[in-house]
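Notes for the structure review
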Amino acid sequence: MLTSLDLVSRRDSGAVREPYGDSDREPDARPFPIALSTLAPLAACAAIFLLLRPYYGLDHDAVIYMGRGLADLDPDGVGRDIMFRFDGQSRFSVFSRLVDGLIPALGLAAAAKSLAFAGCALWFAALAALASRLACASALWALLLLVACFDSAYGGFGVFHFAEPFATPRPFAEAFVLAAFAALLSDRRWTAGLCLVAAVGFHPIIAAPGCLVALLYEGLKDRRIFVAALLGGAGLLVAALAGAPLLERLTARIDPQWAAIISVRSDYIFLTEWPAGAWIAILRQASTLLLAASLAPRRAQRLLFCVAGAVGLGLAASYLLGDLLMRELAAQAQSWRGLWLAAAFAPLALGLAAPALWREGSQGRIVLVLLVTSWILRAAPESAFLALVAALAWWSRARWSHISLALLERALFTLCGLCALCVLGAALWFAREYVRAAPSADSVLPSVLRAGEPAYIPLLLIALAILVAARRPRPLLAVCATAVAAPLAVFCWANEPFPLRSADVRPQALEAIVAPHEGEVLWLNDKLAPWVWLGRANWASHVQGAGGLFSRGLALVWRERMGFLHDLGWVTDGALTPRPGDGVDFPPFTRGALERLCGRADAPAFVVGAVESPNALPPGLEARFWRGPMRFSLHLSGAAPQWTPIEHYAIFDCAAYRPAG
């Protein structure tokens, strides 16, 4: 039975046939079951994909991109923030222009949510198009499930994720790259080229490894492409040596002072700073990709090898040019970000390898169970070891073909089942502890599902069962899965756990307090409040340091200001690192500290900080108080997560603390 995706694939390749043979024949009386058998599993996979990527509001790097939109629309207000005055990256993406148009039309919160949803929807559509070129029938839905359920983190510290549910250009660029690969598998080079151009327009860093994969894929068929690429690379090197704009950064070095700031604030930039856990995931993904490539059909095989090669070249270039030689453009290009391809393709590779291994008898099933166990354990050190053993065992299977494997096979299946039960039990325990400590019922489901921990083990086993049995999912079961997952996904996208992060509010009482003076506002331990609630620049915040890699001036100003606040005891050490952790909920305000800050030549107009109550300030401090909407600060330093309620704020007018003269 042909699916609609099969028909689209054949139509794209120019070999379309009518599903019923004779084009003049009346349609069969069974169009509904055919549509249902195709659309129901696809809808179920899409619902699960969105359910495991709940919307978390204006958070993560969405703050940077949506803040850039606020700055463009208000250059004399938010635009005066040091993050945007020293901006060194937004001009390279069309996403900023998209944000500039959507904020006036929809408002900040709705624009951010719309962009996040559009990015995820486009990503899943591109994934479905690619998967339909790699597999058909039941295997297609299993591949979609595998990508949906596994952890999407990549890079040194899990800072970045593919298909992230945030308003950033990365999901759009990733989606166009996947669409380009689907076009390449259908021999549609021009379509692939246009998709890659669109990807570069959204995010050049994310698109670059996709372009390299396409170059390798086509170059293996036509070696003249490699020659042209080498000539083009030589031309770029000559232009860099001649001082061409942007390319001159390839010869410029990052000085030690700048490098020290980058290493502390953005430690994921340099590979030498990465923890061992990052390399465990990379080794597991590489083993899975190479093992699947040796089993896949020729076109899929070539694509998987090209993905592995592009990721390896990216890591090598990042280490040699970025870590060792400290070249500015190499560090900024972050070629290691090609790991998003490895993270996205490794589940696909697992799905492509599973049925082939299962059909190979005891040897193949032993290799498969080792590989699956490695994916269940994920971040554990044993994960990489098991994946590597699985790949080596398969490639050397001729040497142990004479050994009786029945007992070993049963033992490994038992071990895999025990690992699955242990990991699932730990995930459920974590979910229970989170539910007990969560401050709001609305935050429980999205927060638990965001990690995907309770869901990925069952979904993995379901996908593998579909692949091994080679049976199409029953439409009725798919409809039931959609009926459960879709409403939960809608709930997780409609109810943000922390809606105040992106609320479109302008509190009149607060605006009246700061109305007497123009200028920056130092809002301690909050990155959005000055921009959204006051339309003002923030004097110093953790998020401003994210752009330090692209602007030395920003890095120096940000580090000096945050270091000053650290000396005052108003921020913790975590405020200077990429993952802030526990912060100072209620800064210890003193007259001496306020006078030191307000006596600076670049002092802010006002200082805002949370207090336990209006009566909690030490005597002798002049401040006005504002009661804002309740928010909660999360602390993870203890045995269980703790949430501190915050709603009272003290507003200090720096004019009252500025030394005379």
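Predicted model, so just to flag it, every value in this text is computed and none were measured. (Residues numbered from 1 in each chain as written. Predicted model: local features only at pLDDT ≥ 70, side-chain atom pairs only at ≥ 80, totals over all residues. Heavy atoms only, no water.)

Time to look at the sheet that holds strand E4 (residues 606-611). Ordered in space as E3-E4-E6-E5, the four strands form an open sheet in which the pairing is mixed. Of all strands in the sheet, those bounded by a partner on one side alone are strand E3 (521-523) and strand E5 (624-635). Along the sheet, successive strands turn relative to each other by an average axial angle of 25°, direction set aside. Here three bridges tie E3 to E4, and the two strands are oriented parallel to one another. Across the sheet, residue tryptophan 523 finds its bridge partner in E4, namely valine 608. (Pairing = 2+ DSSP bridges. Helix = DSSP H or I, 4+ residues; strand = E, 2+ residues; numbered from the N terminus. Axes fitted to C-alpha atoms, helices over the stretch in contact; angles between N-to-C directions.)

This structure, assessed with the given rule, holds three cavities of 30 Å³ or more. Taken as a whole, the largest cavity encloses approximately 70 Å³ of empty space. Elements represented by at least two residues in the lining of the largest cavity include exactly helix H3 (62-73) and helix H4 (82-85). (1 Å grid on protein atoms, 1.4 Å probe; cavity = no way out; pocket = protein on both sides within 12 Å on 5 of 7 lines; lining within 4 Å. Points joined across faces, edges and corners; volume = space filled by probe spheres on them.)

This part is about the layout of surface pockets. In this structure, the second largest pocket occupies an estimated 500 Å³ of space. Of all elements in the fold, only helix H2 (31-51), helix H7 (138-149), helix H21 (453-469) and helix H22 (475-494) reach the threshold of two or more residues within the lining of the second largest pocket. Partitioning the lining of the second largest pocket into residue classes produces 21 nonpolar, no polar and three charged. (Nonpolar A, V, L, I, M, F, W, Y, C, P; charged D, E, K, R; others polar.)

The subject of this paragraph is the pairing of E4. Where burial is concerned, most of E4 is hidden: six out of the six residues are buried. Across the two faces of E4 the burial is the same, with Phe606, Val608 and Ala610 and Val607, Gly609 and Val611 all buried. Sheet analysis places E4 next to strand E6 (residues 642-653), joined by six bridges and oriented antiparallel. Across the sheet, residue valine 611 finds its bridge partner in E6, namely histidine 648. (Buried < 20%, exposed > 50% of the residue type's maximum accessible area, 1.4 Å probe, protein only.)

Looking at where arginine 284 falls in the secondary structure, it is placed in helix H13 (residues 276-293). Of the side chains with opposite charge, aspartate 151 comes closest to the buried, unpaired arginine 284, at an N-O distance of 6.7 Å. Contacts of arginine 284, omitting those with residues within four sequence positions, involve Ser374, Trp375, Arg378, Ala379, Ser383 and Ala387. (Lys, Arg positive; Asp, Glu negative; His and termini not counted. Salt bridge = Lys/Arg side-chain N within 4 Å of Asp/Glu carboxyl O. Contact = heavy atoms within 4.5 Å.)

Another aspect to go through is the state of the cysteines. Note on terminology: disulfide describes a covalent bond linking the sulfur atoms of two cysteines. Inspection of the entire model under this criterion finds one disulfide. There is a disulfide in this structure between cysteine 598 and cysteine 654, and the S-S distance comes to 2.0 Å. What sets the handedness of the cysteine 598 and cysteine 654 disulfide is the S-S torsion sign, and at about -75° it is left-handed. Taken as a pair, cysteine 598 in helix H26 (residues 591-598) and cysteine 654 in the segment after E6 lie far apart in primary sequence, 56 residues in all. For the pair formed by cysteine 598 and cysteine 654, the shared burial category is buried. (Disulfide = S-S within 2.5 Å.)

Across the interface, helix H9 (residues 189-202) lies against helix H10 (residues 204-219) with an axial gap of 7 Å and an inter-helix angle of 160°. Of the possible angle classes, the one that applies to H9 and H10 is roughly antiparallel. Where H9 crosses over H10, the two elements pack in a sense that is left-handed. Residue-level inspection shows Arg189, Leu196, Ala199, Val200 and Phe202 of H9 in contact with H10, the latter providing Pro204, Ala207, Gly210, Cys211, Ala214 and Glu218. (Parallel < 35°, antiparallel > 145°, perpendicular 65-115°, else oblique. Left-handed = near helix turned anticlockwise from the far one by under 90°.)

Below, the discussion takes up the environment of leucine 143. Relative to the elements of secondary structure, leucine 143 occurs in helix H7. Distance from leucine 143 to alanine 349, taken between C-alpha atoms, is 8.7 Å for residues 206 residues apart in sequence.

Positionally, valine 99 belongs in helix H5 (residues 95-106). A relative accessible area of 0% places valine 99 in the buried class. On a C-alpha basis, the gap between valine 99 and tyrosine 65 in space is 7.8 Å, while along the polypeptide they are 34 residues apart. Every residue in contact with valine 99, bar those within four places of it in the chain, is listed here: Tyr65, Met66, Gly69, Pro104 and Leu115.

Below, the discussion takes up the environment of leucine 534. In this structure, leucine 534 sits in helix H24 (residues 529-534). Residue class for leucine 534 comes out buried when judged on its relative accessible area of 6%. The sequence separation of leucine 534 and glycine 77 amounts to 457 residues, and the corresponding C-alpha distance is 8.8 Å. Excluding its chain neighbours within four sequence positions, the residues that come into contact with leucine 534 are Arg506, Leu510, Glu511, Val514, Val521, Trp523 and Ala529.

A few words on a nonpolar patch on the surface. On the surface, a nonpolar cluster with roughly 520 Å² of combined accessible area is contributed by Leu283, Leu290, Phe305, Leu388, Leu392 and Trp395. Elements supplying a minimum of two residues to the nonpolar patch: H13 and helix H18 (381-395). At three residues, H18 tops the list of elements feeding residues into the nonpolar patch. If you trace the backbone, tryptophan 395 turns up in helix H18. (Patch = residues over 30% accessible without salt bridge, like charges linked within 9 Å, V, L, I, M, F, W, Y side chains within 5 Å. Areas by Shrake-Rupley, 256 points an atom, 1.4 Å probe, with all protein chains shown as cover.)

Quick look at the packing of aromatic side chains now. Centre distance and the angle of the planes are the two values used to describe a pair of aromatic rings. This structure, assessed with the given rule, holds 28 aromatic pairs. Between phenylalanine 117 and tryptophan 493, the aromatic rings sit 5.7 Å apart at their centres with planes inclined by 85°, giving edge-to-face as the arrangement. Linking phenylalanine 117 in helix H6 (residues 108-134) with tryptophan 493 in helix H22, this pair joins segments that are 376 residues apart in sequence. Take phenylalanine 117: its relative accessible area is 40%, and that puts it in the partly exposed class. Both rings, one in tryptophan 523 and one in tryptophan 626, keep their centres 6.4 Å apart while their planes meet at 85°; by these two values the pair is edge-to-face. Pair noted here: tryptophan 523 is in strand E3 and tryptophan 626 is in strand E5, with a separation of 103 residues, a long-range link. What makes tryptophan 523 buried here is its relative accessible area of 1%. (Phe/Tyr/Trp six-rings, centres within 6.5 Å; stacked < 30°, edge-to-face > 60°.)

Everything listed here is a matter of coordinates, which is why it stays silent on function.
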